[in-house]
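# Remarks on the overall topology
Each chain is listed here by its residues.
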Amino acid sequence: MTTLVVCIDRGGEFPADASLPIDGRDAVESLVTEVGVDDPEDSRVNTMLEGLRVARDLEADGDDPVVAVLGDRGDGVSADRSVARQADELIEQYEPDSAVVVVDSAEDERLVPIIESRLRVDAVDRVVVRQARDLESTYYLLKQFLADEELRKTVLVPLGVALIAFPILLLIGDNPAFAIGAITAAVGGFLIYKGLGIDEYLSRLPGEIQEALYSGQVSLVTYVVAVGLTLVGAFVGFLAVSDVDHANTFLLVNHFVFSAVPWLTAAALAASTGRLLDELIQREGVRSAYVNLPFGAVAVGLLARGFSAYFLERGGVFERFRVGRIDYAMVEIEPFALEPGTRLALFILASILISLVGVRFSTYFNQTTIEEELVD
(Lines give C-alpha, C1' and ligand atoms only; values in the text may rest on other atoms or scores of the structure.)
Protein backbone atom coordinates (compact mmCIF):
# COMPACT_ATOMS: atom_id res chain seq x y z
CA MET A 1 0.00 0.00 0.00
CA THR A 2 1.49 3.29 -1.11
CA THR A 3 0.85 6.31 1.10
CA LEU A 4 1.76 9.83 0.02
CA VAL A 5 3.02 11.95 2.93
CA VAL A 6 2.52 15.52 1.74
CA CYS A 7 4.09 18.55 3.45
CA ILE A 8 2.31 21.69 2.20
CA ASP A 9 3.96 25.12 2.29
CA ARG A 10 2.04 27.91 0.57
CA GLY A 11 3.94 31.14 -0.08
CA GLY A 12 7.22 29.81 1.36
CA GLU A 13 10.76 30.95 0.58
CA PHE A 14 12.23 27.92 -1.17
CA PRO A 15 15.84 27.77 -2.40
CA ALA A 16 16.30 29.28 -5.84
CA ASP A 17 17.42 25.98 -7.37
CA ALA A 18 14.56 23.96 -5.82
CA SER A 19 12.11 22.45 -8.30
CA LEU A 20 8.70 21.75 -6.81
CA PRO A 21 7.35 19.26 -5.99
CA ILE A 22 10.25 17.78 -4.01
CA ASP A 23 9.71 14.07 -3.47
CA GLY A 24 11.73 11.26 -1.95
CA ARG A 25 13.30 10.86 1.47
CA ASP A 26 16.78 11.95 0.41
CA ALA A 27 15.53 15.07 -1.41
CA VAL A 28 13.38 16.15 1.54
CA GLU A 29 16.22 15.56 4.03
CA SER A 30 18.52 17.67 1.87
CA LEU A 31 15.88 20.44 1.75
CA VAL A 32 15.45 20.31 5.53
CA THR A 33 19.18 20.76 6.02
CA GLU A 34 19.40 23.64 3.55
CA VAL A 35 16.34 25.51 4.91
CA GLY A 36 17.32 24.84 8.55
CA VAL A 37 20.85 26.17 8.10
CA ASP A 38 19.55 29.34 6.45
CA ASP A 39 16.85 29.96 9.09
CA PRO A 40 16.74 27.61 12.12
CA GLU A 41 13.55 29.33 13.38
CA ASP A 42 11.60 28.58 10.20
CA SER A 43 8.52 26.48 11.03
CA ARG A 44 8.85 24.67 7.68
CA VAL A 45 11.77 22.76 9.15
CA ASN A 46 9.46 21.23 11.75
CA THR A 47 6.88 20.44 9.07
CA MET A 48 9.31 18.54 6.89
CA LEU A 49 10.84 16.72 9.86
CA GLU A 50 7.32 15.70 10.94
CA GLY A 51 6.71 14.43 7.40
CA LEU A 52 9.87 12.31 7.58
CA ARG A 53 8.83 10.94 10.98
CA VAL A 54 5.36 10.03 9.70
CA ALA A 55 6.92 8.28 6.69
CA ARG A 56 9.24 6.32 9.01
CA ASP A 57 6.32 5.20 11.19
CA LEU A 58 4.28 4.16 8.17
CA GLU A 59 7.19 2.18 6.81
CA ALA A 60 7.52 0.41 10.17
CA ASP A 61 3.83 -0.57 9.87
CA GLY A 62 4.43 -2.18 6.49
CA ASP A 63 3.34 0.67 4.20
CA ASP A 64 5.29 2.02 1.27
CA PRO A 65 5.42 5.77 2.07
CA VAL A 66 6.46 8.53 -0.30
CA VAL A 67 7.30 11.82 1.40
CA ALA A 68 7.00 14.98 -0.67
CA VAL A 69 6.90 18.75 -0.28
CA LEU A 70 4.32 20.81 -2.19
CA GLY A 71 4.23 24.58 -2.29
CA ASP A 72 4.73 27.77 -4.23
CA ARG A 73 6.70 30.94 -3.70
CA GLY A 74 3.71 33.06 -4.62
CA ASP A 75 0.32 33.67 -3.03
CA GLY A 76 -3.36 33.66 -3.91
CA VAL A 77 -5.14 31.60 -6.55
CA SER A 78 -2.02 31.08 -8.69
CA ALA A 79 -0.21 29.45 -5.75
CA ASP A 80 -3.18 27.18 -5.05
CA ARG A 81 -3.37 26.07 -8.67
CA SER A 82 0.37 25.39 -8.64
CA VAL A 83 -0.07 23.12 -5.61
CA ALA A 84 -2.91 21.34 -7.41
CA ARG A 85 -0.69 20.70 -10.46
CA GLN A 86 2.10 19.35 -8.24
CA ALA A 87 -0.34 17.00 -6.52
CA ASP A 88 -1.48 15.70 -9.93
CA GLU A 89 2.16 15.03 -10.90
CA LEU A 90 2.85 13.02 -7.74
CA ILE A 91 -0.38 11.01 -8.06
CA GLU A 92 0.38 10.23 -11.69
CA GLN A 93 3.96 9.20 -10.85
CA TYR A 94 3.44 7.10 -7.72
CA GLU A 95 -0.27 6.12 -7.95
CA PRO A 96 -0.73 6.20 -4.15
CA ASP A 97 -3.72 4.66 -2.38
CA SER A 98 -4.07 7.38 0.25
CA ALA A 99 -2.38 10.45 1.66
CA VAL A 100 -1.35 12.00 4.97
CA VAL A 101 -1.14 15.82 4.91
CA VAL A 102 1.30 17.67 7.19
CA VAL A 103 0.88 21.44 7.69
CA ASP A 104 2.21 24.03 10.11
CA SER A 105 -0.50 26.74 9.97
CA ALA A 106 -4.17 27.36 9.42
CA GLU A 107 -3.34 29.04 6.12
CA ASP A 108 -1.66 25.91 4.76
CA GLU A 109 -4.47 23.74 6.13
CA ARG A 110 -6.87 25.53 3.77
CA LEU A 111 -5.21 23.61 0.90
CA VAL A 112 -6.17 20.20 2.30
CA PRO A 113 -9.38 20.09 0.15
CA ILE A 114 -7.15 20.25 -2.96
CA ILE A 115 -5.54 16.95 -1.97
CA GLU A 116 -8.88 15.48 -0.82
CA SER A 117 -10.42 16.17 -4.22
CA ARG A 118 -7.78 13.97 -5.87
CA LEU A 119 -6.89 11.35 -3.29
CA ARG A 120 -8.25 9.83 -0.09
CA VAL A 121 -6.75 11.67 2.88
CA ASP A 122 -6.37 9.43 5.95
CA ALA A 123 -5.04 12.09 8.33
CA VAL A 124 -4.09 15.75 8.65
CA ASP A 125 -1.14 16.42 10.94
CA ARG A 126 -0.75 20.04 12.03
CA VAL A 127 2.67 20.84 13.48
CA VAL A 128 2.90 23.62 16.05
CA VAL A 129 6.09 24.44 17.94
CA ARG A 130 5.40 23.92 21.65
CA GLN A 131 6.84 27.22 22.78
CA ALA A 132 4.75 29.14 20.24
CA ARG A 133 1.43 27.24 20.33
CA ASP A 134 -0.64 30.05 21.91
CA LEU A 135 1.21 32.73 19.99
CA GLU A 136 0.69 31.00 16.65
CA SER A 137 -3.03 30.45 17.25
CA THR A 138 -3.50 34.04 18.44
CA TYR A 139 -1.67 35.35 15.41
CA TYR A 140 -3.99 33.62 12.95
CA LEU A 141 -7.08 34.60 14.91
CA LEU A 142 -6.01 38.24 14.79
CA LYS A 143 -5.17 37.95 11.12
CA GLN A 144 -8.62 36.58 10.28
CA PHE A 145 -10.25 39.20 12.51
CA LEU A 146 -8.46 42.09 10.80
CA ALA A 147 -9.32 40.67 7.38
CA ASP A 148 -13.07 40.91 8.08
CA GLU A 149 -14.10 44.48 7.25
CA GLU A 150 -17.56 44.24 8.83
CA LEU A 151 -16.09 42.82 12.05
CA ARG A 152 -13.52 45.61 12.21
CA LYS A 153 -16.22 48.25 11.90
CA THR A 154 -18.37 46.57 14.54
CA VAL A 155 -15.65 46.04 17.16
CA LEU A 156 -12.65 48.27 16.52
CA VAL A 157 -14.54 51.48 15.70
CA PRO A 158 -16.65 51.52 18.93
CA LEU A 159 -13.58 50.57 20.95
CA GLY A 160 -11.55 53.38 19.40
CA VAL A 161 -14.33 55.91 19.95
CA ALA A 162 -14.65 54.82 23.59
CA LEU A 163 -10.90 55.18 24.18
CA ILE A 164 -10.94 58.67 22.67
CA ALA A 165 -14.11 59.75 24.49
CA PHE A 166 -12.93 58.64 27.94
CA PRO A 167 -10.15 61.24 28.42
CA ILE A 168 -12.33 63.93 26.83
CA LEU A 169 -15.15 63.22 29.31
CA LEU A 170 -12.66 63.25 32.16
CA LEU A 171 -11.41 66.67 31.11
CA ILE A 172 -14.95 68.02 30.76
CA GLY A 173 -16.62 66.53 33.81
CA ASP A 174 -13.64 65.62 36.03
CA ASN A 175 -15.70 62.63 37.18
CA PRO A 176 -14.50 59.08 36.33
CA ALA A 177 -17.87 57.54 37.26
CA PHE A 178 -19.69 59.83 34.82
CA ALA A 179 -17.20 59.07 32.03
CA ILE A 180 -17.41 55.31 32.54
CA GLY A 181 -21.21 55.43 32.76
CA ALA A 182 -21.55 57.50 29.60
CA ILE A 183 -19.20 55.27 27.61
CA THR A 184 -20.88 52.10 28.88
CA ALA A 185 -24.30 53.46 27.92
CA ALA A 186 -23.05 54.43 24.46
CA VAL A 187 -21.46 51.03 23.83
CA GLY A 188 -24.60 49.27 25.10
CA GLY A 189 -26.77 51.35 22.80
CA PHE A 190 -24.49 50.54 19.87
CA LEU A 191 -24.66 46.80 20.61
CA ILE A 192 -28.46 46.94 20.75
CA TYR A 193 -28.46 49.00 17.54
CA LYS A 194 -26.41 46.34 15.74
CA GLY A 195 -27.95 43.33 17.47
CA LEU A 196 -31.53 44.22 16.55
CA GLY A 197 -30.54 45.06 12.98
CA ILE A 198 -31.69 48.67 13.30
CA ASP A 199 -28.85 49.78 11.04
CA GLU A 200 -30.07 47.48 8.25
CA TYR A 201 -33.64 48.71 8.66
CA LEU A 202 -32.55 52.37 8.56
CA SER A 203 -30.47 51.71 5.45
CA ARG A 204 -33.57 50.30 3.71
CA LEU A 205 -35.95 52.95 5.04
CA PRO A 206 -35.18 55.77 2.54
CA GLY A 207 -35.70 53.42 -0.40
CA GLU A 208 -38.95 52.10 1.05
CA ILE A 209 -40.24 55.63 1.68
CA GLN A 210 -39.30 56.68 -1.85
CA GLU A 211 -41.01 53.62 -3.31
CA ALA A 212 -44.09 54.30 -1.19
CA LEU A 213 -44.24 57.91 -2.38
CA TYR A 214 -43.88 56.97 -6.04
CA SER A 215 -46.37 54.11 -5.85
CA GLY A 216 -48.97 56.15 -3.93
CA GLN A 217 -49.28 53.80 -0.97
CA VAL A 218 -51.95 54.78 1.55
CA SER A 219 -49.98 53.17 4.37
CA LEU A 220 -47.34 55.91 4.19
CA VAL A 221 -49.90 58.46 5.38
CA THR A 222 -51.47 56.13 7.94
CA TYR A 223 -48.03 55.29 9.36
CA VAL A 224 -47.35 58.98 9.91
CA VAL A 225 -50.77 59.26 11.60
CA ALA A 226 -49.91 56.22 13.73
CA VAL A 227 -46.62 57.77 14.85
CA GLY A 228 -48.43 60.98 15.79
CA LEU A 229 -51.10 59.10 17.75
CA THR A 230 -48.40 57.09 19.51
CA LEU A 231 -46.66 60.28 20.62
CA VAL A 232 -49.98 61.68 21.82
CA GLY A 233 -50.65 58.48 23.76
CA ALA A 234 -47.25 58.59 25.41
CA PHE A 235 -47.75 62.26 26.31
CA VAL A 236 -51.20 61.59 27.78
CA GLY A 237 -49.84 58.66 29.74
CA PHE A 238 -47.01 60.73 31.23
CA LEU A 239 -49.44 63.49 32.15
CA ALA A 240 -51.69 60.96 33.91
CA VAL A 241 -48.75 59.51 35.85
CA SER A 242 -47.49 62.96 36.86
CA ASP A 243 -50.84 63.76 38.52
CA VAL A 244 -50.79 60.61 40.70
CA ASP A 245 -49.64 60.88 44.30
CA HIS A 246 -48.81 57.23 45.02
CA ALA A 247 -45.28 55.92 44.39
CA ASN A 248 -46.05 52.27 43.62
CA THR A 249 -44.16 51.50 40.42
CA PHE A 250 -46.54 48.75 39.32
CA LEU A 251 -49.57 51.00 39.72
CA LEU A 252 -47.77 53.86 37.94
CA VAL A 253 -47.11 51.62 34.96
CA ASN A 254 -50.74 50.50 34.87
CA HIS A 255 -51.90 54.10 35.17
CA PHE A 256 -49.73 55.00 32.19
CA VAL A 257 -51.10 52.04 30.19
CA PHE A 258 -54.71 52.86 31.11
CA SER A 259 -54.38 56.44 29.88
CA ALA A 260 -52.26 55.76 26.78
CA VAL A 261 -53.97 52.61 25.47
CA PRO A 262 -56.86 54.34 23.63
CA TRP A 263 -54.40 56.46 21.64
CA LEU A 264 -52.03 53.55 21.05
CA THR A 265 -54.95 51.42 19.88
CA ALA A 266 -56.00 54.17 17.49
CA ALA A 267 -52.40 54.28 16.18
CA ALA A 268 -52.36 50.52 15.59
CA LEU A 269 -55.79 50.74 13.97
CA ALA A 270 -54.62 53.49 11.60
CA ALA A 271 -51.45 51.62 10.61
CA SER A 272 -53.24 48.30 10.06
CA THR A 273 -56.05 49.94 8.10
CA GLY A 274 -53.56 51.63 5.80
CA ARG A 275 -51.76 48.35 5.22
CA LEU A 276 -55.07 46.67 4.45
CA LEU A 277 -56.01 49.37 1.93
CA ASP A 278 -52.64 48.95 0.19
CA GLU A 279 -53.26 45.23 -0.15
CA LEU A 280 -56.72 45.91 -1.60
CA ILE A 281 -55.36 48.40 -4.12
CA GLN A 282 -52.29 46.45 -5.24
CA ARG A 283 -53.73 42.91 -5.33
CA GLU A 284 -56.91 41.30 -6.48
CA GLY A 285 -57.15 39.35 -3.22
CA VAL A 286 -55.89 40.09 0.25
CA ARG A 287 -54.47 37.76 2.86
CA SER A 288 -56.56 37.05 5.93
CA ALA A 289 -53.89 38.37 8.27
CA TYR A 290 -54.29 41.90 6.90
CA VAL A 291 -58.08 41.72 7.23
CA ASN A 292 -57.78 40.62 10.86
CA LEU A 293 -55.21 43.27 11.81
CA PRO A 294 -57.66 46.11 12.64
CA PHE A 295 -59.85 43.80 14.71
CA GLY A 296 -56.81 42.38 16.48
CA ALA A 297 -55.57 45.87 17.33
CA VAL A 298 -58.90 46.80 18.94
CA ALA A 299 -59.10 43.48 20.82
CA VAL A 300 -55.59 43.86 22.26
CA GLY A 301 -56.34 47.46 23.23
CA LEU A 302 -59.46 46.35 25.13
CA LEU A 303 -57.48 43.68 26.98
CA ALA A 304 -54.75 46.12 27.99
CA ARG A 305 -57.34 48.67 29.12
CA GLY A 306 -59.29 46.07 31.08
CA PHE A 307 -56.32 44.58 32.92
CA SER A 308 -54.83 47.97 33.78
CA ALA A 309 -58.22 49.16 35.09
CA TYR A 310 -58.54 45.99 37.19
CA PHE A 311 -55.19 46.54 38.89
CA LEU A 312 -55.89 50.25 39.46
CA GLU A 313 -59.28 49.52 41.01
CA ARG A 314 -57.86 46.82 43.25
CA GLY A 315 -55.03 49.17 44.22
CA GLY A 316 -57.47 51.86 45.29
CA VAL A 317 -56.46 54.34 42.61
CA PHE A 318 -59.83 54.24 40.86
CA GLU A 319 -63.23 53.89 42.42
CA ARG A 320 -65.44 51.06 41.27
CA PHE A 321 -67.24 51.64 38.02
CA ARG A 322 -70.86 52.56 38.67
CA VAL A 323 -73.75 52.01 36.28
CA GLY A 324 -76.45 54.67 36.47
CA ARG A 325 -80.19 54.13 36.69
CA ILE A 326 -81.65 52.46 33.60
CA ASP A 327 -85.33 53.02 32.87
CA TYR A 328 -86.45 51.78 29.47
CA ALA A 329 -90.12 50.95 28.82
CA MET A 330 -91.06 48.22 31.28
CA VAL A 331 -87.45 47.63 32.36
CA GLU A 332 -86.13 49.51 35.36
CA ILE A 333 -82.64 48.86 36.80
CA GLU A 334 -81.39 50.56 39.90
CA PRO A 335 -77.85 52.04 39.97
CA PHE A 336 -75.15 49.51 40.88
CA ALA A 337 -71.34 49.22 41.03
CA LEU A 338 -69.40 46.64 39.01
CA GLU A 339 -66.87 44.51 40.82
CA PRO A 340 -63.29 44.76 39.39
CA GLY A 341 -63.38 41.10 38.36
CA THR A 342 -66.74 41.51 36.63
CA ARG A 343 -65.52 44.53 34.72
CA LEU A 344 -62.36 42.67 33.65
CA ALA A 345 -64.50 39.75 32.47
CA LEU A 346 -66.58 42.11 30.34
CA PHE A 347 -63.44 43.52 28.72
CA ILE A 348 -62.14 40.02 28.00
CA LEU A 349 -65.50 38.97 26.58
CA ALA A 350 -65.63 42.07 24.37
CA SER A 351 -62.12 41.43 23.03
CA ILE A 352 -63.01 37.81 22.21
CA LEU A 353 -66.18 38.91 20.43
CA ILE A 354 -64.30 41.46 18.37
CA SER A 355 -61.70 38.82 17.41
CA LEU A 356 -64.48 36.48 16.30
CA VAL A 357 -66.08 39.28 14.31
CA GLY A 358 -62.71 39.79 12.60
CA VAL A 359 -62.48 36.11 11.73
CA ARG A 360 -66.06 36.12 10.44
CA PHE A 361 -65.45 39.22 8.36
CA SER A 362 -62.27 37.64 6.95
CA THR A 363 -64.17 34.50 5.95
CA TYR A 364 -66.82 36.59 4.23
CA PHE A 365 -64.24 38.76 2.51
CA ASN A 366 -62.05 35.89 1.24
CA GLN A 367 -64.88 33.41 0.62
CA THR A 368 -63.40 30.83 3.00
CA THR A 369 -64.76 28.90 5.97
CA ILE A 370 -64.23 29.72 9.63
CA GLU A 371 -62.44 26.39 10.11
CA GLU A 372 -59.91 27.30 7.39
CA GLU A 373 -59.32 30.72 8.94
CA LEU A 374 -58.76 29.28 12.41
CA VAL A 375 -56.32 26.70 11.01
CA ASP A 376 -54.41 29.45 9.16
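- As named in an unreviewed UniProt entry, the protein is Putative membrane protein, taken from Halomicrobium zhouii.

## What about the overall build of the protein?
- A count of helices and strands for the protein gives 14 helices and nine strands.
- Counting only residues that meet the buried cut, the protein has 33% of its 376 residues in that class.
- A separation threshold of at least 6 residues defines the contact pool for the protein, and within that pool the share at least 24 residues apart is 62%.
- Summed over its atoms, the accessible surface of the protein is roughly 23200 Å², and 61% of this surface lies on carbon and sulfur atoms.

## Topic: the UniProt feature "transmembrane region" (unreviewed entry) in the protein
- Under the UniProt annotation, the feature "transmembrane region" (unreviewed entry) is placed at residues 155-172, 178-197, 218-241, 253-277, 289-312 and 344-361.
- End C-alpha atoms of residues 178-197 are separated by 29 Å, and the span's content is 90% helix alongside 0% strand.

## Examining the environment of S272
- Relative to the elements of secondary structure, S272 occurs in helix α11 (residues 249-282).
- Of the residues examined, S272 reaches a relative accessible area of 6% and is grouped as buried.
- Spatially, the C-alpha atoms of S272 and A297 are 8.0 Å apart, while their sequence positions differ by 25 residues.
- Excluding residues within four positions of it along the chain, S272 makes contact with L293 and P294.

## Points about the side chain of Q86
- Checked against the element boundaries, Q86 lands in helix α3 (residues 77-94).
- Since its relative accessible area comes to 5%, Q86 is described here as buried.
- Beyond its immediate sequence surroundings of up to four residues, Q86 is in contact with L20, P21, V69, L70 and G71.

## Looking at a negative patch on the surface
- Taken together, the side chains of D17, E34, D38, D39 and E41 define an acidic patch exposed on the protein surface.
- Summarising the element assignment, D39 is placed in the loop between α1 (25-38) and α2 (43-60).

## Things to note about the nonpolar core
- With 21 residues, the main nonpolar core has V5, I22, V28, M48 and V69 as its most contacted residues.
- Secondary structure elements with two or more residues in this core: β1 (2-10), α1, α2, β3 (64-72) and β4 (98-103).
- The biggest single contributor to this core is α2, with six residues.
- Of all hydrophobic cores here, the second largest spans 19 residues; its members include I8, V66, A84 and V121.

## Let's talk about a nonpolar patch on the surface
- A cluster of nonpolar side chains, I192, Y193, L196, I198, Y201 and L202, forms an exposed patch at the surface whose accessible area comes to about 560 Å².
- Only α8 (176-195) and α9 (198-215) provide two or more residues apiece to the nonpolar patch.
- In terms of residue count, α9 provides more of the nonpolar patch than any other element does, three residues in total.
- Tracing the sequence through the fold places Y193 in helix α8.

## Focus: the sheet that holds β1
- The strand order across the open sheet formed by five strands is β2-β3-β1-β4-β5, and the pairing between neighbours is mixed. The open sheet has two edge strands with one neighbour each: β2 (22-23) and β5 (121-126).
- In this structure, β1 lies alongside β3, joined through nine bridges in parallel fashion. Bridged to L4 within β3 is V66.
- Its contacts with the sheet put α1 on β2 and β3, and the angle it makes with β3 is roughly 45 degrees.
- Running at roughly 160 degrees to β3, α3 makes contact with β1, β2 and β3 of the sheet.

## So, the pattern of salt bridges
- Counted by the stated rule, this structure contains nine salt bridges.
- Here E313 and R343 are joined by a salt bridge, their closest N and O atoms 2.4 Å apart. One end of the pair, E313, is in helix α12 (residues 288-314); the other, R343, is in helix α13 (residues 340-366), and 30 residues separate them in sequence.
- By relative accessible area, which is 8% here, E313 ends up buried.
- Judged by its relative accessible area of 16%, R343 falls in the buried class.

## As for the pairing of β3
- In terms of burial, β3 is largely enclosed, as eight of its nine residues are buried.
- Of the strand pairs in this sheet, β2 and β3 are connected by two bridges, and their pairing is antiparallel. Paired with I22 across the strands is V69, a residue of β3.

Parameters at a glance
- Residues numbered from 1 in each chain as written.
- Predicted model: local features only at pLDDT ≥ 70, side-chain atom pairs only at ≥ 80, totals over all residues.
- Heavy atoms only, no water.
- Helix = DSSP H or I, 4+ residues; strand = E, 2+ residues; numbered from the N terminus.
- Buried < 20%, exposed > 50% of the residue type's maximum accessible area, 1.4 Å probe, protein only.
- Contact = heavy atoms within 4.5 Å.
- Areas by Shrake-Rupley, 256 points an atom, 1.4 Å probe, with all protein chains shown as cover.
- UniProt positions renumbered as here; feature names shortened; annotations may be inferred.
- Patch = residues over 30% accessible without salt bridge, like charges linked within 9 Å, V, L, I, M, F, W, Y side chains within 5 Å.
- Salt bridge = Lys/Arg side-chain N within 4 Å of Asp/Glu carboxyl O.
- Lys, Arg positive; Asp, Glu negative; His and termini not counted.
- Charge placed at Lys NZ, Arg CZ, Asp CG, Glu CD.
- Core = buried A, V, L, I, M, F, W, Y, C linked by side-chain atoms within 4.5 Å.
- Pairing = 2+ DSSP bridges.
- Axes fitted to C-alpha atoms, helices over the stretch in contact; angles between N-to-C directions.

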